[in-house]
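# Structure assessment
Spelled out, the chains give:
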Amino acid sequence: MAMEEKEVGFLGLGIMGKAMATNLLRNGFKVTVWNRTLSKCDELVENGASIGETPAAVIKKCKCTIAMLSDPKAALSVVFDKEGVLEQICSGKGYIDMSTVDADTSSKINEAITSRGGHFIEAPVSGSKKPAEDGQLVILAAGEKALYEEAIPAFNVLGKRSFYLGQVGNGAKMKLVVNMIMGSMMNALSEGLALASTSGLDPQNLLDVLDLGAIANPMFKMKGPTMIQNNYSPAFPLKHQQKDMRLALALGDENAVSMPVAAAANEAFKKARSMGLGDLDFSAVFEATKICYFESLVGFQEGQEHGIRGP
Ligand SMILES: NC(=O)C1=CN([C@@H]2O[C@H](COP(=O)(O)OP(=O)(O)OC[C@H]3O[C@@H](n4cnc5c(N)ncnc54)[C@H](OP(=O)(O)O)[C@@H]3O)[C@@H](O)[C@H]2O)C=CC1
Ligand SMILES: O=CCCC(=O)O
C-alpha cells in the first residue's frame, strides 16, 4: 500500500521528526506534514512537503502516517483529540507511532485504531539527531506484522537496522530499557568527570583513557568533549530522557524489578529539570552533578563552621 507508493504522512516536526521527514523527502517519498506549531512545517514545505492542517487531514490524505511526538500525553492527544487521527483512520490506513512512550499508551492507541479497522505498529528508535539526519536510526517495531513489512522501504531510509519485536508494547519496553541504561551511563560519566576535575585530574585525559578501554562507547566519545566545554546544545532534550527514566522505573515497578541505579539517575535528571535545564541536551545533567558537589562542599564547610565533623 502506501509505502510502496512512497507516500507518507508525518505528524510532529521536533528535533527528530524534522530530520526524519526531511530524510524521507530526500529519498523520494511524497510527505504530508503536520506539527502542532504549524510554522515549523515551513522548512519542510520548502523542501517539497505538503501540509495537512490537522492530524485528521493528514490521515485522510495518506494511506500511511508516521508520528514522532514528545511523550505519552502528546501521542494520545494527537490520536484522540478533536481533529485527531481517529476521526479519519479506517480500513486500509496505517498508523506508525515512533515516539518514545510506555506500553500502556501504545496499547490504547493500538486498540482505538484497530477497532476502526485501521492498522498500527509502534516503532520507537535508538539514535539521536545526527543518526536521524543520516538515516542511521535503530528501529524497534512491534504490532501488526503486515504493516511492519509495508513500512520497510521507509524504515530502510530512516534506519540502519529494524527489529520486529512481536506484539504491541514490546517496542516501547525495549526502548525504555535501552534509554534507562543510557541515562544511568550518562550519570556515571558526569560523576566521573566531576570527580576527575575536583581531584585535580585533566578531564580530557579521563576521556582519552576511557576511550581506549573496555567501557569505550560512542556516547562517551561524542558527549564527553562537549560536556567539558559546558556545551549542551540539544540533540536529545533532557526533559525527554527524564520522561524515559520515569517510564522505565514504572515498568520496573510493574515487574517488581529493583533498579536503584536508575532511580538515582532519575533523581539527577529531575534535579537538572528543576534547575531549568530540561530543554538542553540530556548531558546537561552534568550541571546538576556539579551543583550537588558544590552544595555538599558548602554544606561541609558550614558544618565545620558549626563544629560538625565531616565524613
Ligand atoms: N531527540 C532525540 O535524540 C530522540 C528522541 N526520541 C523520542 O522521540 C520523540 C520526539 O523527540 P524530539 O524530536 O527530540 O522532541 P522535540 O521536543 O524536539 O519535539 C516534540 C514534538 O512533539 C510535539 N508535541 C509536544 N506536545 C504535543 C501535544 N500536546 N500535541 C501535539 N504535538 C505535541 C511538538 O510540537 P511543537 O513543535 O508544537 O512543540 C514537537 O513536534 C520523543 O518521544 C523522544 O523521547 C527518540 C530517540 C532520540
Ligand atoms: O531516545 C533517545 C536516544 C538517543 C540515542 O540513542 O542516542
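Treat the numbers as computed from the prediction; the structure is a model and nothing was measured. (Residues numbered from 1 in each chain as written. Chains lettered and ligands numbered in written order. Predicted model: local features only at pLDDT ≥ 70, side-chain atom pairs only at ≥ 80, totals over all residues. Heavy atoms only, no water.)

### Some remarks on the UniProt feature "active site" (unreviewed entry) in the chain
In this numbering, the UniProt entry assigns the feature "active site" (unreviewed entry) to Lys-175. By secondary structure assignment, the location of Lys-175 is in helix H8 (residues 170-198). Look at Lys-175 and you get buried, because its relative accessible area is 6%. Apart from residues no more than four positions distant in its own chain, Lys-175 is found in contact with Thr-100, Pro-124, Val-125, Ser-126 and Leu-140. (UniProt positions renumbered as here; feature names shortened; annotations may be inferred. Helix = DSSP H or I, 4+ residues; strand = E, 2+ residues; numbered from the N terminus. Buried < 20%, exposed > 50% of the residue type's maximum accessible area, 1.4 Å probe, protein only. Contact = heavy atoms within 4.5 Å.)

### Focus: the pattern of salt bridges
If you walk through the whole model with that rule in mind, you get 10 salt bridges. Here Lys-129 and Glu-133 are joined by a salt bridge, their closest N and O atoms 3.8 Å apart. With Lys-129 and Glu-133 both in helix H6 (residues 129-134) and four residues apart, this pair spans about one turn of that helix. Owing to a relative accessible area of 32%, Glu-133 belongs among the partly exposed residues under this scheme. (Salt bridge = Lys/Arg side-chain N within 4 Å of Asp/Glu carboxyl O.)

### Considering the pairing of strand E2 (residues 30-34)
Among the five residues in E2, four count as buried, and that is most of the element. Alignment of strand E1 (residues 7-11) against E2, held across five bridges, turns out to be parallel. Looking across to E2, one finds that Leu-11 is bridged to Trp-34. In the classification by handedness, the crossover that spans E1, the intervening helix H1 (residues 15-26) and the parallel E2 is right-handed. Relative to strand E3 (residues 50-51), E2 is paired through two bridges, and the arrangement is parallel. Paired with Val-33 across the strands is Ile-51, a residue of E3. (Pairing = 2+ DSSP bridges. Right-handed = clockwise from strand over helix to strand, strands pointing away.)

### Digging into the site of ligand 2
For ligand 2, the full set of nearby residues is Ser-126, Gly-127, Ser-128, Lys-175, Asn-179, Met-182 and Phe-236. Here Gly-127 contributes a backbone N or O atom positioned 2.8 Å from an oxygen atom of ligand 2. At 2.8 Å from an oxygen atom of ligand 2 is found a side-chain nitrogen or oxygen belonging to Asn-179. Notes on ligand 2: free accessible area 240 Å², of which the protein chains cover 81%. Of the residues forming the shell around ligand 2, the biggest block, three residues, is contributed by H8. A breakdown of the residues in the shell around ligand 2 according to their chemical character gives two nonpolar, four polar and one charged. Taken domain by domain, the makeup of the shell around ligand 2 includes at least three residues from each of domain 1 (7-166) and domain 2 (173-305). (Near = heavy atom within 4 Å. Polar contact = N/O pair within 3.5 Å; in protein donor to acceptor, adjacent residues only side chain to side chain. Areas by Shrake-Rupley, 256 points an atom, 1.4 Å probe, with all protein chains shown as cover. Nonpolar A, V, L, I, M, F, W, Y, C, P; charged D, E, K, R; others polar. Domains from an automatic or database assignment.)

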